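Below are the chains, spelled out letter by letter.
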6 protein chains.
Amino acid sequence: MRILVANVNTTTSMTDSIVGQARSVASPGTEIIGITPRFGAESCEGNFESYLAAVAVMDAIANYPEAFDAVIQAGYGEHGREGLQELLDVPVVDITEAAASTAMFLGYKYSVVTTLDRAVPLIEDRLKLAGLDARCASVRASGLAVLELEQDPGRAVESIVREAELAVSQDRAEVIVLGCGGMAGLNESVKERTGVPVVDGVAAAVTIAESLVRLGLSTSKVRTYAPPRPKKVTGWPITRPAA
Amino acid sequence: MRILVANVNTTTSMTDSIVGQARSVASPGTEIIGITPRFGAESCEGNFESYLAAVAVMDAIANYPEAFDAVIQAGYGEHGREGLQELLDVPVVDITEAAASTAMFLGYKYSVVTTLDRAVPLIEDRLKLAGLDARCASVRASGLAVLELEQDPGRAVESIVREAELAVSQDRAEVIVLGCGGMAGLNESVKERTGVPVVDGVAAAVTIAESLVRLGLSTSKVRTYAPPRPKKVTGWPITRPAA
Amino acid sequence: MRILVANVNTTTSMTDSIVGQARSVASPGTEIIGITPRFGAESCEGNFESYLAAVAVMDAIANYPEAFDAVIQAGYGEHGREGLQELLDVPVVDITEAAASTAMFLGYKYSVVTTLDRAVPLIEDRLKLAGLDARCASVRASGLAVLELEQDPGRAVESIVREAELAVSQDRAEVIVLGCGGMAGLNESVKERTGVPVVDGVAAAVTIAESLVRLGLSTSKVRTYAPPRPKKVTGWPITRPAA
Amino acid sequence: MRILVANVNTTTSMTDSIVGQARSVASPGTEIIGITPRFGAESCEGNFESYLAAVAVMDAIANYPEAFDAVIQAGYGEHGREGLQELLDVPVVDITEAAASTAMFLGYKYSVVTTLDRAVPLIEDRLKLAGLDARCASVRASGLAVLELEQDPGRAVESIVREAELAVSQDRAEVIVLGCGGMAGLNESVKERTGVPVVDGVAAAVTIAESLVRLGLSTSKVRTYAPPRPKKVTGWPITRPAA
Amino acid sequence: MRILVANVNTTTSMTDSIVGQARSVASPGTEIIGITPRFGAESCEGNFESYLAAVAVMDAIANYPEAFDAVIQAGYGEHGREGLQELLDVPVVDITEAAASTAMFLGYKYSVVTTLDRAVPLIEDRLKLAGLDARCASVRASGLAVLELEQDPGRAVESIVREAELAVSQDRAEVIVLGCGGMAGLNESVKERTGVPVVDGVAAAVTIAESLVRLGLSTSKVRTYAPPRPKKVTGWPITRPAA
Amino acid sequence: MRILVANVNTTTSMTDSIVGQARSVASPGTEIIGITPRFGAESCEGNFESYLAAVAVMDAIANYPEAFDAVIQAGYGEHGREGLQELLDVPVVDITEAAASTAMFLGYKYSVVTTLDRAVPLIEDRLKLAGLDARCASVRASGLAVLELEQDPGRAVESIVREAELAVSQDRAEVIVLGCGGMAGLNESVKERTGVPVVDGVAAAVTIAESLVRLGLSTSKVRTYAPPRPKKVTGWPITRPAA
């Protein structure tokens, strides 16, 4: 089985990190392919960048030359999953939803710890639309920008642990979701410090994508995610297919 | 005052229609400028096309060479308003929200009549995120595609009136919102046939945009819609500025 | 266009203040007429007074001898708007709803800062019934009574700014609504101190009323706000028409 | 124990009917006193009439010359209960809420059958504000006006039974609430025909009022329903006390 | 009238305490019979114990040899009420719901003060399913285990009062519900200290059960609470009937 | 990895059917062990039977003599999952939640088709408590009892397909969940007839349980699902351990 894991920004070291996390939990027969958008922001931290990423990921997937069995949209709180579902016949799994869905099997309430304060509404909106917000105790921001996570992992752990502890003690969370693709790898540290299960969205998404493929399930095509109707689409894809 | 009214698809006759509707209600001192995206679908009827439109509208606005006082996003149930709010200092008004907000001053419940069945979830999601769904009685589809509205206005009126009547009698709507930019101009016919107020989103958005400008109000910049952080954004804007 | 702006209490200096605020934003051709109830409390700060005001405003409007194009109910969190809608053919705009509706075009969440703690539930209830509460971050009380606002504007600004700042920092509001007709005029001070847009309900209501009239829209009469059925109504209006 | 049961309209035969229903379930030591407003509509079927009734009931209670232990507001879906709670130290029970509260002990979902279609939103709003709407399957209108209930009881039963049956079969109601003070007395007929428990609001309210008095419980005075602040209230009460 | 009051744990001194509280408010003609489960935990403080109690109470009631008119399930936040409703023709009243329902007649919002932190979600879930959570300001834990309430009443009052005060001042509760059968008897102390009405679930349930019997109302049998279908049930009842 | 799959009724042929379905999707290294309760109903179709099943499943698991890695509660809309989570350190997966969670990755809305009408509220309640109801279009009953599914599979498919088709066309479901453990095996037929993805709860639960084990995740023990406190529990377990 081949799963495409799409980074939402143009920073290839983050694609590598996400792919590494995905591979660490993938089943033996699963091939993980990292996808990096050909345009867009070096990190996604707001609506403009997220909309751009939505289209850049669709563009990158549209340009991918070989067959695949599932796609993981590996951006936290990002736009675009619904568009991929229209374009593709294989399952599409968003890591925001994968993490929330998994956390709900583990505790009464979960909290998300993300990067910047401005990302909180995007995550809240995604969870609301996905209908996975009822047991979300809070979405908390560590105050670190996406790229700072890579530059200073020690400080990242500290600030994330601090918010995770507040989520558990004040917001009554019983599970913590690490709300940023770039946080992959920090979950062991956070779990050790807080004593609650910590869910990484990329890892959760890999098991869900594998499960859907194994169960022979994919996106329903009867209404919302039917293929786009035949029509003139100017300038699509945005970038030319690789020669 | 200059207001940019952005069509979400690449069909210029629809831009003209929207602009005409906007001008018919604009105040004497208001200049209405139509914006047509430089890429994307000839009509927007799903998530893929809508995400593409979100970026195409941002691209077109980014390329607009002169000053302006407000922007109207003239697609019904489309993505993108939040991105424009980050990029701009002037008010941004989405017609889906403008229509709902206006309808709520006119009756206990309102219904939206849109084009295709597959557009219903997009509109429902936009209203939910906007927090304007509590008094929405229903979103109904006429079954007509966007471009069919222009091709056969007579049939369009019939199918829209039929759904509007069901919305009033069965869903208990007291106001009808015409849920497609391309429906501008049909509201008198629908009102006459159903006996309830009919709100056109473009017209509503023009008065709201003018009002915000007049009141000296614009998008809050303290968190969600703060300007994008300085960073490397590859390939933006998508198209080159007009020479 | 003539708009009646109804104060909800019997203090004429407050009517004057509200009228002044309304006129400062009204379009050139709009005539603003202040209405003061002929009975009721000198300030409205609870349910008893608010219900009395609802009837007193209907009574005053029923006694108004000339034609008019719209009515603004200028009490924050007060009862009565639905009754006026039944009695009148012209649009009726409640300032609680006008302010919320306007604030939602400006930021992800808004907070209301009102006078006394006991007014908070009335405002929350009005927003809930209006379906405009989903993006309300909080309703906060400054602790000042309605009439104290006039007596000590400096202290009023301080206490309102303090709550507004807490709304922004703690409740994550991005827009502030001044939740009392008597606060009209303080919005510039509050905006300067908090850095977020500040919406005054009276000003917002004037632009909305003008817009509805301009668009040829008024209250739907098919069900909830149909005219009262012909029947015997003893003692109505409460006061006799002016000779 | 003395309980005042306030009719909301000026039709004394309806006061008599309500008092009869109340007495039929009252405990031996309970005295039921009927209150008829001194002004207002002969029947309440909309917001204007309901607001007027809210004030007229407060006026009538304020003019009542003797002591009492509880007040029942015997109008279905009417305004005013909160005002009475501010003015009085004794418990105030609204029949809309009493019926819903009682119905919820009897089945998974309940439906309300009321008079005219235009009364539906008033009832829905009262239930929503009271937080008693989550298990309300539907509010259905029989199409009969309030006063028609008295004039043609046979037809009333038929039209009410028809809606009750639809509520049970289509809306999945398991309990029926008769949503009009004037329906008191029809509940046996409706129960026999539908096979589900039928709750009469006046009867339910009597037992609840008695229970609150017996338990030594009354309205909390710490915030929302604190007594009105001392201030000038012009023209109150509306009518002069009986000599 | 005979009412069975079922303790949910096997501690007979708690059954006695509950029965005492029930008798103190019962009407002259009402006989209160305490029921103690024949198996299960000495105190209920979690889901395992609560599910066990649900079955143990059904078992004890099934073994009760004489006729009765109503059953009170006297555990706070416990499972089982729906099962009793299926098995019995007489009304079944859960004290969690009785207390909430009563509190809602007394103030705008109520809070529950319970024992251990882990009981909070059980109570929240019961209120949510009962549709009585909309006006619940908070469920707070005093930190005392169920059996500690009996062992050290003085300390119990202090810890309960502390949480009740926070509920009133911070969560805006206007009524306090004592959320544990074992707290019966503390309500006067708490009321005196907090100044708001305090509702005891057992007392509230007694008046509601009496009222339902008096009104001739019992559980609807048309769907959810219809008697179990005839079928083989192995090992039921769990314990043998008393000889 | 060893997963216990607990049937909720005492019919061993249903245990076999469930185990067969589980094994058909389990990974090569996964051992599926069927658990049949030692007491309770031959089929679960209501609250009494469901509460009994909750305890009977806990009893059976408590008596299971060997180690295991996860437990699946294989009853649709049944009680008990939370109790198992307290008693066990390994993950517990409820098939109602597993199916809903899986369906939400496949379409905008899903519907559940279950057996009898009276089971609908149990399923709705479980989904509500699990916070998985927001995208549930409907829960529909086929009218067939649990044991009839085995007796007449042809008729079962017909009645289930009929409701599934109505769910898709009228309720706008895009995915169907088969809401009864006994329906395992019918999903291919239903999928073929309706054209939408069909999710079987047992199959979904197996992949989720495997995934949680693989990710090293299990129930959070910090609050709601902490182990029961040490205390006297009379008569537990209900049945004696197998010799």
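Residues numbered from 1 in each chain as written. Chains lettered and ligands numbered in written order. Predicted model: local features only at pLDDT ≥ 70, side-chain atom pairs only at ≥ 80, totals over all residues. Heavy atoms only, no water.

(A) Representation of the domain arrangement of chain A within the structure. All names here are of chain A. Taken domain by domain, chain A holds domain 1 (2–94 + 203–214) and domain 2 (96–201). Centre-to-centre, using C-alpha coordinates, domain 1 lies 20 Å away from domain 2. Listed by partner, the interface residues are 27 residues for domain 1 and 27 residues for domain 2. With both sides pooled, the region where domain 1 packs onto domain 2 buries about 2200 Å², and carbon together with sulfur makes up 53% of that total. It is Glu 45, Tyr 76 and Asp 94 in domain 1 that bury the most area against domain 2; as a group they hold 36% of the surface buried on that side. Connecting domain 1 to domain 2 are 2 salt bridges. A salt bridge links Glu 82 to Arg 126, with the nearest nitrogen and oxygen atoms 3.2 Å apart. (Domains from an automatic or database assignment. Contact = heavy atoms within 4.5 Å. Buried area = accessible area lost by both parts, 1.4 Å probe. Salt bridge = Lys/Arg side-chain N within 4 Å of Asp/Glu carboxyl O.)

(B) Structural detail: the nonpolar core. In this structure, Ile 72 and Tyr 110 of chain D together with Ile 72 and Tyr 110 of chain E are the most contacted members of the largest nonpolar core, which totals 88 residues. Those residues within four positions of Ile 72 of chain E in sequence are excluded, and the remaining contacts are Ile 3, Leu 4, Val 5, Ala 6, Val 93, Ile 95, Ala 205, Val 206 and Ala 209 of chain E. Counting residues in each nonpolar core, the second largest holds 87 residues, with Ala 100 and Ala 103 of chain A together with Ala 141 and Val 202 of chain F among its members. (Core = buried A, V, L, I, M, F, W, Y, C linked by side-chain atoms within 4.5 Å. Buried < 20%, exposed > 50% of the residue type's maximum accessible area, 1.4 Å probe, protein only.)

(C) The arrangement of the environment of Val 57 of chain F in detail. All names here are of chain F. If you trace the backbone, Val 57 turns up in helix α2 (residues 47–63). In this structure, the C-alpha to C-alpha distance between Val 57 and Glu 163, residues 106 residues apart in sequence, is 30 Å. Non-local contacts of Val 57, meaning those with residues more than four positions away in its chain, are made with Ala 6, Asn 7, Val 8, Pro 37, Gln 73 and Leu 84. (Helix = DSSP H or I, 4+ residues; strand = E, 2+ residues; numbered from the N terminus.)

(D) Expanded view of the relation of the copies chain B and chain A. For these two chains of identical sequence, chain B goes onto chain A by a turn of 180° and a shift of 0.0 Å along the axis, with RMSD 0.0 Å. In the structure described here, the two chain copies are related by an operation that fits a two-fold rotation axis. Rotation axis and chain B: the residue whose C-alpha lies nearest the axis is Tyr 51 of chain B, separated from it by 3.4 Å. Taken together, the interface assignments show that 100% of the residues at the interface of chain B recur at the interface of chain A, consistent with an identical surface on both copies. (Least-squares fit on C-alpha atoms with pLDDT ≥ 70 in both.)

(E) Spotlight on the sheet that holds strand β4 (residues 70–73) of chain A. Residue and element names in this part refer to chain A. Spatial ordering of the open sheet is given by β2-β1-β4-β5, a layout of 4 strands whose pairing is parallel. Two strands lie at the open edges of the sheet, namely β2 (31–35) and β5 (92–94), each paired on one side alone. Pairs of neighbouring strands in the sheet enclose a mean axial angle of 20°, with direction left out of account. For strand β1 (residues 2–6) and β4, the ladder comprises 4 bridges, and the chain directions are parallel. Residue pairing in the sheet places Ile 3 in a bridge with Ala 70 of β4. Sheet contacts for helix α4 (residues 95–103): β4 and β5; angle to β5, the most-contacted strand, approximately 75°. (Pairing = 2+ DSSP bridges. Axes fitted to C-alpha atoms, helices over the stretch in contact; angles between N-to-C directions.)

(F) A look at the interface of chain B and chain A. The partner chain A presents 46 residues to the 46 residues of chain B that form the contact. Buried surface at the junction of chain B and chain A, both sides included, amounts to about 4000 Å², of which 59% is carbon and sulfur. When the buried surface of chain B facing chain A is broken down by residue, Phe 48, Tyr 51 and Arg 118 of chain B rank first, second and third, together holding 20% of it. Summed over the shared surface of chain B and chain A, the result is 10 salt bridges. The salt bridge partner of Glu 45 of chain A is Lys 231 of chain B, with a shortest N-O separation of 2.6 Å. Where chain B packs against chain A, one counts 26 residue pairs in polar contact (both at pLDDT 80 or more). The biggest single contributor to the side of chain B that touches chain A is helix α2 (residues 47–63) of chain B, with 8 residues. Two elements, strand β3 (residues 40–41) of chain A and strand β10 (residues 233–234) of chain B, share 2 bridges in a ladder whose sense is antiparallel. Bridging from a neighbouring strand, Gly 40 of chain A pairs with Thr 234 of chain B of β10 of chain B. (Polar contact = N/O pair within 3.5 Å; in protein donor to acceptor, adjacent residues only side chain to side chain.)

(G) Looking closely at the packing of aromatic side chains. All names here are of chain D. Per the counting criterion, the structure on display carries 15 aromatic pairs over all chains. Taken together, a centroid distance of 5.9 Å and an interplanar angle of 70° make the contact between Tyr 64 and Phe 68 edge-to-face. The class for Phe 68 is buried, based on a relative accessible area of 16%. (Phe/Tyr/Trp six-rings, centres within 6.5 Å; stacked < 30°, edge-to-face > 60°.)

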